[in-house]
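# Breakdown of the fold
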Amino acid sequence: MGFFDDKQDWLGETFAQYPDKRAAIMPMLRQVQQDEGWVSPESQEEIGHLLGITATEVAGVMSFYSYYQALPTGKYHLQVCATLSCAIGGSDELWDELVNELQILRGDVTDDGLFSIQKVECLGSCHTAPVVQVNDEPYVECVTKARMQALLEGLRQGKKIEDIQLPGKVGHVVHNRGEEVKA
Amino acid sequence: MSDKVPGAAGRGSDAPGPIISGKDSRFVPTLYAQVGKDKSWTLDFYLSHGGYESIKKAIGMGQDAVIDEMKKSGLRGRGGAGFPTGLKWSFMPKNSGKQHYIACNADESEPGSFKDRYLMEDDPHQLIEGMMIAGFAIQATKGYLYIRGEYKRAYDRVMAAIKEAKERGYLGQNLFGTGFEFELYVHRGAGAYICGEETALMNSLEGLRANPRQKPPFPAQAGLWGKPTTINNVESLCSAVHIIQRGADWFASMGTEKSKGHKLFQVSGPFKRPGVYELPLGATFRELLYEYAGGPTEPIQAIIPGGSSCPPLPWTDETLDTPMDYESLVAKGSLLGTGGVIGIPASMSMVDAMWNVTRFYGHESCGKCTPCREGVSGWMVSLFEKMGTGQGKKGDVEVLENMLNQIEGRSFCALADAACWPVRGSLKHFRDQFVAAENGKAVERVGSRWG
C-alpha cells in the first residue's frame, strides 16, 4: 500500500493550494518525513508518480534541504544548531557530549531505535543558544548539560517534549525594552 | 576594549529633531507591542487593539494612495537588502489581467536573526493584515507565506490565525463589503538558507530545486508561475500596517535622513539580556547593547552588526557610538543587514568565528555557479579547516585574499558575496589573528563555553 493511498483528502487540499501540483512536492515530502522518520526510495517513487515527475527529480528536490532524510532516523531525531551564536554558546561541546552519550554519529540510530543526531545550520534562535530541535517540535532552548540530560531522560521515558521538566531557564526568552516580556 | 561608562549621551528624551533613541518619550513601539502578552495571537485580541482597521483604511484610500504613502514613509525592506518597499510595490503592473501574487519571505535564516519568528508566533494577524495591505496595493488576490520549516510554533499560530480570519470573514471574498478578495496560503521550507533569496524562494515554492533565477525578468514582471509577484519580508509587511494606520509622517519622524522609521534589532552572544529590541533607526549600538541588552558578560572583541553576512566591526567606542542606520554602517565598511547583532567574545579566535561562518555559507551554497560552489564550499572551507587546525602555512592569508577577489562579485547571486564580506572585514580589523593562524597557531577554545 502506498503512503498516500489513505490520504486522498489531504492530497486534494494540498494540490488545491497551488496552480500547479508540482508545488506540492515539499508538503508531500514533509508528510512522509514526519510520519516515517525518513523518505524511503519507495516513497520518493510514489511522490514522483503522483506528481507526474521522475523519482530522480524528487530526489533532486529532496536532497536540496536539510529536513528530509534519505536514511531512517531514530524516534527522536536531535538536530543541534552549529552556527555562530550557538557555537559561541557551546554547541560544539554539546555535540561532543551527545556523541559520547549516545555513541552514534550522523546517519546512525541508537540500538534501542530512540535517537539519531544531526548538526544543522542556524535555527533562528540565536539569543537562546545553544538550541536543539527534536523532530518537528518547537525548539529546546538554552540547552545546558543538565537540561540536555533531563531532555534525554524524559524522552527515554516516552514523555512528550512539552511535559518534560527541564532545570533552569525554560527557554523561549525574549527581551524587549530592557525587560523580559516572554519566558 | 571599551570601558567607557554606558549611556546614550545627547540622545535623551524630547531632544528636538527626529526620533533616534528608544528612550525618546515620543517613540512608540508598535511591531512588538503585543509580543509576550497572553493570547496575543488570537483574533479577538487583535481586534481589541484596532486590528484589521488598517486594511479597511487602505481600501478606502485606494491602491495608488497606499503605494504613495509607503513611498513617502521611506520604509526600506527589512529582510536585509534595504530596498524601498513602496518603490518595489510600484513596479507591479496595473490591471494586467493576470493573477498577481504577494509572497511573504518568512524564511528567516540569516545567522543572528530571529525577529520575524516572534512577529509570527505572537502577532500573526498583524502579518496577515500586512499581506492584505500589500495584496490590495499590488492587485494580488492570492498570497503565499513562505515560512522556514523549523519554525513550528510560528507555523501553528499562523495557521490558527488564518483559520480564525477565514471563519470570521477577514480572509476570502468580498471583504468588508468592498469587493476586495484575498486568499492566503502557507508554504513550509525545509532547511535551506538560499530560499531567503527571492528568486530561489519562488523556485522552492514551485517545487523545484531552490536555485536562484536569472534577473531580469524581475518578479514584478514574471515571478511565481510566471505571474507578477512581489516578495516582502515579514517585518516590512508588519510595518505597512502601522504606516497606513498612523501615516507616513509618523514613520518618517523616526530615524535618520535616509534611514526612516524603526526596526527590530536582535542581540545574541555573551550579553546580559540577549533578545529582540524595537528601536528607531539611528539609535547607537551603545544604546542597544548597554541600555537594552544590559552590556556584555565577558570581554567582546567584535560585533557582527546585522547578521552573519555583514563585516564584523571591532569593539571600540567608535563602533559603539555608530548610529544603526543603513548609511552609517556602510560608511564604517559594514552593513545594517537584518539588524541581527552578534557579539564575538575575545576568548574566541576570529579565525574560528570566520571558519564557522564560512562553513555555514559553504553548506548553504546551492551549487548552481562555480565561484560559489568551488570557491566558497570548496576552497574557502578547505583553507579555513587547514588554518583552524594548526596546519596554516606562510602565504595562506594572501591565498585567502586572492580567493575573496576571485569570488566576490563573480557569483550568480549574493550568497557568495555574503560569504566573502565577513571574512574581508575580519581580515581588515583582525589581520594579526589570521597571521598567527598562518604561522601554525590552531584556534583555541579558551575553557568550555558550555555547562
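Note that the structure is a prediction, hence the values are computed from the model and not measured.

### Re the overall build of chain A
Looking only at helices and strands, chain A features seven helices and five strands. Principal-axis analysis of the C-alpha atoms gives chain A an extent of 50 × 45 × 30 Å. Across chain A, the fraction of contacts at a sequence separation of at least 24, relative to all contacts at a separation of at least 6, is 57%. Surface exposure of chain A reaches about 7700 Å², of which carbon and sulfur atoms provide 48%. Positive and negative side-chain charges of chain A, numbering 15 and 28 respectively, have mean locations separated by a distance of 6 Å.

### Quick look at the sheet that holds strand 5 (residues 229–233) of chain B
Sheets are built from strands that pair by backbone hydrogen bonding, the pairs being arranged parallel or antiparallel. Residues and elements named next belong to chain B. The mixed open sheet is built from five strands, whose spatial order is 3-4-2-1-5. Here the strands that pair on one side only, and so sit at the sheet edges, are strand 3 (172–175) and strand 5. The average undirected angle you get between the axes of adjacent strands in this sheet is 25 degrees. In this sheet, strand 4 (residues 180–188) lies alongside strand 2 (residues 142–147) in parallel orientation, the contact comprising six bridges. Across the sheet, residue Leu145 finds its bridge partner in strand 4, namely Val186. Contacts between helix 6 (residues 124–137) and the sheet are confined to strand 1 (101–106), strand 2, strand 3 and strand 4, with strand 4 contributing the most and set at about 125 degrees to the helix. Contacts between helix 8 (residues 198–205) and the sheet are confined to strand 1, strand 2, strand 4 and strand 5, with strand 2 contributing the most and set at about 100 degrees to the helix.

### Re the interface of chain A and chain B
The interface of chain A with chain B comprises 58 residues on the first partner and 73 residues on the second. Both sides of the chain A and chain B interface together cover about 5200 Å² of buried area, and 57% of this is carbon and sulfur. Of all residues in chain A, Phe64, Leu84 and Ile88 of chain A bury the most surface against chain B, accounting for 14% of the area lost on that side. The interface formed by chain A and chain B includes three salt bridges. A salt bridge links Glu121 of chain A to Arg359 of chain B; the shortest N-O distance between them is 2.7 Å. Summed over the shared surface of chain A and chain B, the number is 26 residue pairs in polar contact (both at pLDDT 80 or more). Elements supplying a minimum of two residues to the side of chain A that touches chain B: helix 2 (25–36), helix 4 (55–62), helix 5 (84–88), helix 6 (91–102), helix 7 (145–156), strand 4 (174–176) and strand 5 (179–182) of chain A. Looking at the side of chain A that touches chain B element by element, the count peaks at five residues for helix 2 of chain A. A breakdown of the residues in the side of chain A that touches chain B according to their chemical character gives 27 nonpolar, 18 polar and 13 charged.

### Looking at the sheet that holds strand 2 (residues 115–120) of chain A
All names here are of chain A. If you trace the three strands from one edge of the open sheet to the other, you get 2-1-3, paired in mixed fashion. If you trace the sheet from one side to the other, it starts and ends with strand 2 and strand 3 (132–134), each paired once. Strand-to-strand twist across the sheet, computed as the mean angle between neighbouring axes with direction ignored, equals 20 degrees. Lying on the sheet, helix 6 is in contact with strand 1 (76–81), strand 2 and strand 3; it crosses strand 2 at an angle near 160 degrees.

### Concerning the nonpolar core
Counting residues in hydrophobic clusters, the biggest one holds 153 residues, and the most contacted among them are Tyr65 of chain A together with Trp89 and Phe434 of chain B. Broken down by element, the residue count for this core peaks at eight residues, all from helix 6 of chain B. Residues contacting Trp89 of chain B, with those up to four places away along its chain left out, are Val66, Ile67, Met70, Ile133, Ala134, Ala137, Ile138, Thr230, Asn232, Leu237 and Ala240 of chain B.

### Topic: empty space enclosed by the protein
The full count for this structure, using the stated rule, is five cavities of 30 Å³ or more. Each pocket or cavity is described by its volume, and for the largest cavity that value is around 190 Å³. What lines the largest cavity is a set of 21 residues, among which Glu121 of chain A together with Arg148, Glu150, Gly191 and Ala192 of chain B lie closest to the centre. In terms of residue class, the lining of the largest cavity is made up of seven nonpolar, seven polar and seven charged. Taken as a whole, the second largest cavity encloses approximately 60 Å³ of empty space. Together, Pro138 and Tyr139 of chain A together with Arg117, Glu121, Glu150, Tyr151, Lys152, Arg153 and Ala154 of chain B line the second largest cavity. Listing elements by their share of the lining of the second largest cavity, those giving two or more residues are helix 5 (115–122) and helix 7 (152–167) of chain B. Looking at which element gives the most residues to the lining of the second largest cavity, the answer is helix 7 of chain B, with three residues. When grouped by side-chain class, the residues that make up the lining of the second largest cavity number four nonpolar, no polar and five charged.

### Considering the pattern of salt bridges
All names here are of chain B. Throughout the structure, instances matching the rule amount to 33 salt bridges over all chains. Close ionic contact of Asp396 with Lys386 constitutes a salt bridge, the shortest N to O distance being 3.1 Å. Residue Asp396 is located in helix 16 (residues 396–407), and its partner Lys386 is located in helix 15 (residues 370–388); the two are separated by 10 residues in the primary sequence. Overall, Asp396 belongs to the buried group, its relative accessible area being 5%. The exposure class assigned to Lys386 is partly exposed, which follows from its relative accessible area of 27%. Taken together, the shared-partner salt bridges connect Lys115, Asp116, Glu235 and Lys263 into one network.

Reading the values: the criteria
Residues numbered from 1 in each chain as written. Chains lettered and ligands numbered in written order. Predicted model: local features only at pLDDT ≥ 70, side-chain atom pairs only at ≥ 80, totals over all residues. Heavy atoms only, no water. Helix = DSSP H or I, 4+ residues; strand = E, 2+ residues; numbered from the N terminus. Contact = heavy atoms within 4.5 Å. Areas by Shrake-Rupley, 256 points an atom, 1.4 Å probe, with all protein chains shown as cover. Lys, Arg positive; Asp, Glu negative; His and termini not counted. Charge placed at Lys NZ, Arg CZ, Asp CG, Glu CD. Pairing = 2+ DSSP bridges. Axes fitted to C-alpha atoms, helices over the stretch in contact; angles between N-to-C directions. Buried area = accessible area lost by both parts, 1.4 Å probe. Salt bridge = Lys/Arg side-chain N within 4 Å of Asp/Glu carboxyl O. Polar contact = N/O pair within 3.5 Å; in protein donor to acceptor, adjacent residues only side chain to side chain. Nonpolar A, V, L, I, M, F, W, Y, C, P; charged D, E, K, R; others polar. Core = buried A, V, L, I, M, F, W, Y, C linked by side-chain atoms within 4.5 Å. Buried < 20%, exposed > 50% of the residue type's maximum accessible area, 1.4 Å probe, protein only. 1 Å grid on protein atoms, 1.4 Å probe; cavity = no way out; pocket = protein on both sides within 12 Å on 5 of 7 lines; lining within 4 Å. Points joined across faces, edges and corners; volume = space filled by probe spheres on them.

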